[in-house]
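Listed here are the chains, written in short residue letters.
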Amino acid sequence: MNKKTFILIIVLMSIALAGTVSVQILWMRNAVKIQEKQFEQNVFASLKTIVAKLGIQSTIVKLSAEFLDLDDRTEKIYNDSIKTQSKITIFALDTEKNDSVVEINDLEKFFKKLKIEIKETKDPLQKLNLNLLDTIIKNELKERGINSRCEFAAVHKTEKGEEIKYKSKNFKTSYLKSKFKTNIFITDADYFLVLYFPDKSKYIYKSVVPLLLLSVFFTLIILATFIITVNVILKQKKLSEIKTDFINNITHELKTPVATLKVAISTLKQDKTISENKTVMLLERQGNRLQKITERVIDSSFNNKPNINAKKINVHKYFEYLITDFKHSINDKNITVSFKSKVPENLFAKIDETYLTPAIINILDNAVKYNDKEHKEVSVTVFSKDNFLFAEIKDNGTGIAEKDKKMIFEKFYRGMKGNIHKVKGLGIGLFFTKQITEIHGGTVYFESKKGEGTKFTVKLPAETL
Ligand code: ADP
């Protein structure tokens, strides 16, 4: 994984994590708001019922208000009459005698009685059974499912300010600012009931706590997974860097002995008596091959795609040389390598031998390597069709397991996990073969049956000249 991909993953994961957390916070805030709204609705509904239960009739209130109005005027009339000694006649409706009009003779007694009555009704709250208020409020709130502690007060609003007429034990003046207020009397806004819930926030948050805990728990799991993933990626990155360094070092270390070998071969060739010797020629070709492998093949497998320098090469000759070299290189009686060329003599293909040869040799090597038969058979057939050459390499080896089939062209992939360590390899052979074939404009594919053998086909563009 390169640095850009790694940074992209970190950024995407961070965005996803931040997004999830933000959505959860928003969602929690919404849940709290809904709870709060529901709480308020329940309290207001309770307030209505509480007032109704107190059983105050609007008429009583109205009457009281009228009496209060009368109070000042009657007092004045009474005082004036005493001062002026003038005769005042007052008529009133006698409700006990069919509302007949009667004259009030004893004014002093009348005013005194009226005054007392007015005084009595001056404070309509006195008509309420305030001792009951506490029980009514508690019961009503309980019925609505509100279990939060409630403080309340019955308040009279005058010009001087708000006067608490009756209150619960712990009601504080600051609670008067509470939004839960209602008129005690329908027609009189001066008397109101205030409810205050000191633990309201606690009560509301308590109801969303289980959800909050769950979402914190899941967020923590996501966070932990995120941290673990980043750690694993970092470790893998480090491992892959170590691997690359190691292979680069090996490649570098191989270069020196191979270069020495090549110098030795060319010194040998200077001796005319042996320069045409088949073994020396084989040595030279193999030395060249080894050099290319170390300098370019491994190098290119780990770094960039190689730049090939293709030349038109006679297909028949090319494969003949290649197979001969291969046969020489194995030198084992239990291995039979057969070669059949069905291509026309004038078939040419654009090939960079230095790359394509090791690519095809990989397949041939594998045909022998992954073969546990006593007598190993490798047959190579080359033929052409529709401007393409086909090189088929068939073996009677172990075959490729179904689960490995999709993977064998992957870099570093080695199949047959069970007995893989019996056969040496780096898992880059077929990756390289595929890369090189494709750079030549061709393809490589295979058919295989476990236990019976495998047939690899290299298909390359070719033309008859
Ligand atoms: P290596 O040979 O170093 O493991 P390769 O890339 O050449 O790497 O091959 C990848 C895997 O494909 C091998 O490990 C092996 O399991 C499987 N394989 C390749 N060729 C053959 C074959 N002819 N028969 C059976 N298995 C094969």
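Here goes a summary of the coordinates provided.

**Details of the overall build of the protein**
- A tally of regular secondary structure across the protein gives 11 helices and 14 strands.
- Taking all 465 residues of the protein together, the buried fraction comes to 35%.
- Looking at the protein alone, contacts between residues at least 24 apart form 68% of all its contacts between residues at least 6 apart.
- Within the structure as shown, the protein displays about 29,500 Å² of accessible surface, and the carbon and sulfur contribution to it stands at 56%.

**Quick look at the pairing of strand β3 (residues 151–158)**
- Most of β3 sits inside the fold, with 6 of its 8 residues counted as buried.
- As defined by bridge partners, β3 adjoins strand β4 (residues 161–167) across 6 bridges and the pair is classed as antiparallel. Each residue of the ladder has a partner; that of Thr 158, found in β4, is Gly 161.
- Counting the residues in the hairpin turn of β3 and β4 gives 2 residues.

**Topic: the site of the ligand**
- The environment of the ligand is made up of 20 residues, and the closest members are Asn 366, Tyr 370, Arg 414, Gly 427 and Leu 430.
- Between the ligand and Asn 366 there is a distance of 2.8 Å, counted from an oxygen atom to a side-chain nitrogen or oxygen.
- The side chain of Asp 395 places a nitrogen or oxygen atom 3.0 Å from a nitrogen atom of the ligand.
- For the ligand, the protein covers 98% of the area, taking 530 Å² as the surface of the free molecule.

**Some remarks on a nonpolar patch on the surface**
- On the surface, Ile 7, Leu 8, Val 11, Leu 12 and Ile 15 cluster together into a nonpolar patch covering about 470 Å² of accessible area.
- Counting through the fold element by element, Val 11 comes out in helix α1 (residues 3–53).
- A relative accessible area of 40% means that Val 11 is categorised as partly exposed.

**A look at the nonpolar core**
- Leu 364, Leu 389 and Phe 456 are the most contacted members of the largest nonpolar core, which totals 40 residues.
- With 9 residues, helix α9 (residues 353–369) is the largest single contributor of residues to this core.
- Core analysis: the second largest hydrophobic core is formed by 25 residues, Ile 137, Ala 154, Ile 204 and Val 208 among them.

What counts as what
Numbering of residues starts from 1 in every chain and runs along the sequence as written. Restriction of local features to residues with pLDDT of at least 70 applies here, the model being predicted, together with a cutoff of 80 or more for giving and counting side-chain atom pairs; totals for whole chains, interfaces and linings are based on all residues. Working from all heavy atoms in the structure, the side-chain values ignore hydrogens and water. Strands are runs of DSSP state E lasting at least two residues, helices are runs of H or I lasting at least four, and both sets are numbered from the N terminus onward. Accessibility here uses a 1.4 Å probe with only protein chains present; expressed as a share of the type maximum, an area under 20% marks a residue as buried, one over 50% as exposed, and anything in between as partly exposed. What makes two residues a contact is simply this: any of their non-hydrogen atoms within 4.5 Å. In this description, accessible areas are obtained by the Shrake-Rupley approach with a 1.4 Å probe, and a residue is regarded as covered only by the protein chains that are shown. Strand pairing follows a simple DSSP-based rule, namely that at least 2 bridges must link the two strands. We call a residue near a given molecule or strand whenever any one of its heavy atoms falls within 4 Å of it. For the purposes of these results, a polar contact is taken to be a pair of N or O atoms within 3.5 Å, where, inside protein, one atom must be able to donate a hydrogen and its partner to accept one; residues adjacent in sequence count only when each atom of the pair is a side-chain atom. Like charges are joined within 9 Å and nonpolar side chains (Val, Leu, Ile, Met, Phe, Trp, Tyr) within 5 Å, but only among residues with over 30% relative accessible area and no salt bridge; these make up the patches. The rule for a salt bridge is simple: a side-chain nitrogen of Lys or Arg has to be within 4 Å of a carboxyl oxygen of Asp or Glu. In this description, a nonpolar core means a group of buried Ala, Val, Leu, Ile, Met, Phe, Trp, Tyr and Cys residues linked to one another through side-chain atoms lying within 4.5 Å.

Geometric descriptors of this kind do not, in isolation, establish any biological role.
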